[in-house]
Structures are given as C-alpha cells and as structure tokens.
Amino acid sequence: HWLLVGIAALVLTGGVWASEATGAGGNGRGAFTDDDGSVHEHDINGFAEADITRGCNPPANDRFCPTQAVTRQQMASFLVRALDLPPARGGKFVDTAGSIHAADIDALAAAGITVGCNPPANDRFCPTDPVTREQMASFLTRALELTPPDSSTFVDIASSVHREDIAALAAAGITLGCNPPDNTR
C-alpha cells in the first residue's frame, strides 16, 4: 500500500512520493505539459507511470492541473487504481450517474472505503466537491484498515467527525500535521 501513502502525502501535506519514474520517453519531463518545473513533477510522473493518474483534461490527458484541488470523484479513481479494487455492481449514490468516475466511486463504496457525504442518509457522494484533509484521513484509514489510537497530539480536531481517523493517520506516520515545525494542527 505504498502508493496510498504517496497519495496521502500529496493530498494531505503536499509532500513528496519517492519514485524512480522519469516520465514518458525517459526524458524526465513526463507526459504532462503543465507540471514542468513543479517541485512535485517527479512524483506526478511516478503516479502517471503507475497509472494512478491519467490527466485532468480527457480525452487528451496531456495536463495534470497541479495547482487545482482534488475532487472527491478524482480521489476515488486514484484510490481504486492504487488499490486495484474490483468493479462493483450498481451504484449506492444518487449523484454520481453523470460522472466519468462513477464506476470507481461504486468500487470504493463496495470496498467500504466511502460511506457518503450526507449523513445519516449517505445516499450522496458529492463527486465534484473538493476532498478535504479530514475526509481523506477517513478514506485512507478505512483503505489501510488503521486502528485509531487513544489520543492525538493535534489541537484542532476535537470537533471533527473524522478526528479518530486523523489520529490514526498521525499514529501511522502518514501525516505529521500542517503547521511545521510544531505540527500540532
């Protein structure tokens, strides 16, 4: 599940995933035209080479859109590819039918990694909403089957419904926080 840790690093902290990939054609520039010069270009190329990302402008997919937020539907496809999840039958959510990521959203739901975005009904996925750091913590905690610890060092998660999952990611060393060097938030 090293790919999930890489995804977590990129989504949660903007961190770096250690990849040996050099991109398309071995030129080190990669397949995307809009990531040249990015501090994350090497990692983006690695995710492309591993077929976790395919681009942000179908059908050409020659752009990565490195400064855009990740949507919940895009995150679903990243996780399904990284985990190599099997396809699922039927959809659980009423708001994903028009999404090109609908099959991946269904696979993520069937695997128990997502439960929805509108508790308690949870019949919606909110595919075009950005995935928040706390939501990503819950997705990854479920995907990696992490156990929440008894406490957390983060001072800003007490009111979050995702607090136990955030603490689980921290205990696993997947997130350190967002306010270096203290990392108390």
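It should be emphasised that the depicted structure is a prediction, and the values quoted were computed from it without experimental measurement.

Chemist: Lay out the packing of aromatic side chains with the relevant residues and their values.
Modeler: The final tally for this structure, using the stated rule, is 2 aromatic pairs. Summarising the aromatic geometry, the rings of Phe 32 and Phe 64 are spaced 5.6 Å apart at their centres and angled 45 degrees between planes, so their arrangement reads as tilted. Here Phe 32, found in the loop between helix H1 (2–13) and helix H2 (41–49), pairs with Phe 64, found in the loop between H2 and helix H3 (72–83); they are 32 residues apart in sequence, far enough to count as distant. Among the residues examined, Phe 32 registers a relative accessible area of 4% and is labelled buried. Considering the side-chain rings of Phe 93 and Phe 125, the 5.5 Å spacing of their centres and the 45 degrees angle between planes classify their relative orientation as tilted. Pair noted here: Phe 93 is in the loop between H3 and helix H4 (102–110) and Phe 125 is in the loop between H4 and helix H5 (133–144), with a separation of 32 residues, a long-range link.

Chemist: Tell me what's going on with the side chain of Thr 71, and back it up with residues and numbers.
Modeler: In this fold, Thr 71 is placed in the loop between H2 and H3. In this structure Thr 71 touches Pro 127, Thr 128, Asp 129, Pro 130 and Val 131, once residues within four positions along its chain are discounted.

Chemist: How would you sum up the nonpolar core? Please name residues and give values.
Modeler: Formed by 25 residues in total, the largest nonpolar core has its most connected members in Met 75, Leu 79, Leu 85, Leu 108, Ile 113, Met 136 and Phe 139. Those elements that place two or more of their residues in this core are H3, H4, H5 and helix H6 (163–171). It is H5 that provides the largest number of residues to this core, a total of 6 residues. The contacts of Leu 108, once residues within four sequence positions are left out, are Met 75, Ala 76, Leu 79, Val 80, Leu 85, Ile 113 and Thr 114.

Conventions used here
What you see as residue numbers is a count from 1 along each chain, following the sequence as written. Owing to the predicted nature of the model, reporting of local features is limited to residues with pLDDT of at least 70; listing and counting of side-chain atom pairs is limited to 80 or more, with chain, interface and lining totals taken over all residues. Side-chain calculation: all heavy atoms of the structure are included, whereas hydrogens and water are not. Stacked, tilted and edge-to-face are the three classes assigned to paired rings of Phe, Tyr and Trp, where Trp is represented by its six-membered ring and a pair needs centres within 6.5 Å; plane angles under 30 degrees give stacked, over 60 edge-to-face, the rest tilted. The way it works is that DSSP assigns letters per residue, a run of H or I at least four long becomes a helix, a run of E at least two long becomes a strand, and they are numbered from the N terminus. A 1.4 Å probe rolled over the protein chains alone gives each residue an accessible area, and that area as a share of the maximum for its type sets the label: buried under 20%, exposed over 50%, partly exposed in between. Pairs of residues are marked as contacts when any of their non-hydrogen atoms sit within 4.5 Å. The term nonpolar core refers to a set of buried residues drawn from Ala, Val, Leu, Ile, Met, Phe, Trp, Tyr and Cys, joined through side-chain atoms within 4.5 Å.

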